[in-house]
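One letter stands for each residue in the lines below.
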Amino acid sequence: MLRLLASTCARGLGGGWGSRRLVPGGRARPVAGLCDPSRRLSRQASDAPRNQPPSSEFVARSVGICSMMRLPVQASPEGLDAAFVGVPLDIGTSNRPGTRFGPRRIREESVLLRTANPSTGAVPFQFLRVADLGDVNVNLYNLQDSCRLIRAAYQKIAAAGCVPLTLGGDHTITYPILQAIAEKHGPVGLVHVDAHMDTADKALGEKLYHGTPFRRCVDEGLLDCKRVVQIGIRGSSTTLDTYRYSRSQGFRVVLAEDCWLKSLVPLMGEVRQQMGGRPIYISFDIDGLDPAYAPGTGTPEIAGLTPSQALEIIRGCQGLNVVGCDLVEVSPPYDPSGNTALVAANLLFEMLCVLPKVTVV
């Protein structure tokens, strides 16, 4: 049966049965995830065939290993231009847990995605070699150790010249990811979509949780603060000057009410000018969207952005030097319908479509 599926994929797409490899004797061997360092890809992207998600014309959507867009799963980022990576961590969460299940559910819903983006003209798999690197093996009993493990995993990804597209996980994960990204690229600009600024200093005496990642990034010089924009900020607060820290660092803070009932295309034109040609990172907290569209999250806030505005923000990053992206805070237990994860999967695909090597046709 595996031989038949492999040949079907090859005829339809020019690719193979992505999540398994045939070894001598015809036996199928599963390909490990990111936490298995034993495998290395020898061929570089320039002389290797590009992966393609299998088309539902040839392979039923219910068939195959559950990877992002049913792409091949491999252990090493070597030879890849971009990769989807799961970080199933939720012990930095301050309210409703469950984001440890986010990567798995996002992958499950991504089966509906296809290879081309007719709205933008992007066909990313024609220009990029992409795979799913599996999940970082986090320590759910120790947040500091989890951050260490995340940083080490992303150091390898960055060193390989691979752009990571991360499936979270709570927003704590962006801090160790940016440690690794800045190690390679220097301080980066940031397009941050969120209901919250995540620049608190501490809570319950702890300086590391999902409300502090960008404060810690500023402390360590990981951000080019004059090229940081935070979009969709809203909700109640403990003080009236809740935006003071971000603005004092030079961040541009765009409140949700400044986005209501309008297109964000003009805003993103200004953001592109602000970011210039230097490296930027996109961090998208799903609670940036109104909970009517994305209820499956830990800290929902009413009166948020719409999915169409989310597309305008991400598509507005076309032409920028994007060196990494994440989509965080999807908590499937709070949305049994899967709609939140479906939105997340689509936004991650849109992020793939704006990576620098993708030429719009």
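Under an unreviewed UniProt entry, the protein chain has the name Agmatinase and belongs to Rangifer tarandus platyrhynchus.

In the structure shown here, the tally under the stated rule is two cavities of 30 Å³ or more. In this structure, the second largest cavity encloses a volume near 40 Å³. Lining of the second largest cavity is provided by Arg105, Gly296, Val330, Ser331, Pro332, Asp335, Gly338, Thr340 and Ala341. Along the lines of polarity and charge, the residues of the lining of the second largest cavity split into three nonpolar, four polar and two charged.

Another point: the packing of helix α3 (residues 143-159) against helix α4 (residues 174-185). When two helices pack together, their arrangement is captured by the angle between the axes and the distance separating the axes. In contact at an axis separation of 8 Å, α3 and α4 are set at 35° when each is read in the N-to-C sense. Once α3 is placed against α4, the crossing between them reads as right-handed. For the pair α3 and α4, contact is made by Cys147, Ile150, Arg151, Tyr154, Gln155 and Ala158 and by Pro176, Ile177, Gln179, Ala180, Glu183 and Lys184, respectively. Of the residues in the contact of α3 with α4, the class split is seven nonpolar, two polar and three charged.

So, about the layout of surface pockets. The computed volume of the largest pocket comes to approximately 740 Å³. Every residue lining the largest pocket is counted, 28 residues in all, and those nearest its centre are Met197, Ala200, Ser237, Thr238 and Thr242. Broken down by class, the residue content of the lining of the largest pocket amounts to seven nonpolar, 12 polar and nine charged.

Okay, the environment of Gly316 next. Examined against the element boundaries, Gly316 turns out to sit in the loop between α8 (307-315) and β10 (321-328). Residue Gly316 is classed as buried on the basis of its relative accessible area, which comes to 6%. Through-space distance from the C-alpha of Gly316 to that of Leu264 is 8.6 Å; in sequence the pair is 52 residues apart. Aside from chain neighbours lying at most four places away, what touches Gly316 is Met268, Arg272 and Leu311.

Per-chain confidence: the protein chain averages 90 in pLDDT, with 87% of residues scoring 70 or above. Across residues 1-32, where pLDDT falls below 50, the model places 52 contacts with residues more than four positions away in sequence or in other chains. Here residues 35-45 is a poorly scored stretch, pLDDT under 50, and it has 23 contacts once near neighbours within four places are set aside; other chains count.

In this section: the sheet that holds strand β6 (residues 188-193). Read from one edge of the open sheet, eight strands run β4-β3-β5-β10-β9-β6-β7-β8, paired in parallel fashion. Every other strand in the sheet has two partners, leaving β4 (130-135) and β8 (252-255) as the edge strands with one partner each. Neighbour-to-neighbour, the strand axes of the sheet open up by a mean angle of 15°, direction not taken into account.

In the structure shown here, the tally under the stated rule is 16 salt bridges. In this structure, Glu109 and Arg105 form a salt bridge, with 3.1 Å as the shortest nitrogen-oxygen distance. You can see Glu109 and its partner Arg105 sitting in helix α2 (residues 102-109), four residues apart, about one turn around the helix. When the shortest N-O distance is used, the salt bridge between Asp145 and Arg148 registers 2.7 Å. With Asp145 and Arg148 both in helix α3, this residue pair falls three residues apart, about one helical turn.

Turning our attention to the side chain of Asp198. Position of Asp198 among the secondary structure elements: in the loop between β6 and α5 (213-219). No salt bridge is formed by the buried Asp198; the nearest opposite charge belongs to Arg234, separated by 11 Å. Reaching out from Asp198, the side chain makes a polar contact with the side chain of His171 at a distance of 2.9 Å. In contact with Asp198, other than residues within four places in its own chain, are His171, His192, His210, Gly211, Thr212, Pro213, Phe214, Arg215 and Asp285.

Thresholds applied
- Residues numbered from 1 in each chain as written.
- Predicted model: local features only at pLDDT ≥ 70, side-chain atom pairs only at ≥ 80, totals over all residues.
- Heavy atoms only, no water.
- 1 Å grid on protein atoms, 1.4 Å probe; cavity = no way out; pocket = protein on both sides within 12 Å on 5 of 7 lines; lining within 4 Å.
- Points joined across faces, edges and corners; volume = space filled by probe spheres on them.
- Nonpolar A, V, L, I, M, F, W, Y, C, P; charged D, E, K, R; others polar.
- Axes fitted to C-alpha atoms, helices over the stretch in contact; angles between N-to-C directions.
- Helix = DSSP H or I, 4+ residues; strand = E, 2+ residues; numbered from the N terminus.
- Left-handed = near helix turned anticlockwise from the far one by under 90°.
- Contact = heavy atoms within 4.5 Å.
- Buried < 20%, exposed > 50% of the residue type's maximum accessible area, 1.4 Å probe, protein only.
- pLDDT = per-residue confidence, 0-100.
- Pairing = 2+ DSSP bridges.
- Salt bridge = Lys/Arg side-chain N within 4 Å of Asp/Glu carboxyl O.
- Lys, Arg positive; Asp, Glu negative; His and termini not counted.
- Polar contact = N/O pair within 3.5 Å; in protein donor to acceptor, adjacent residues only side chain to side chain.

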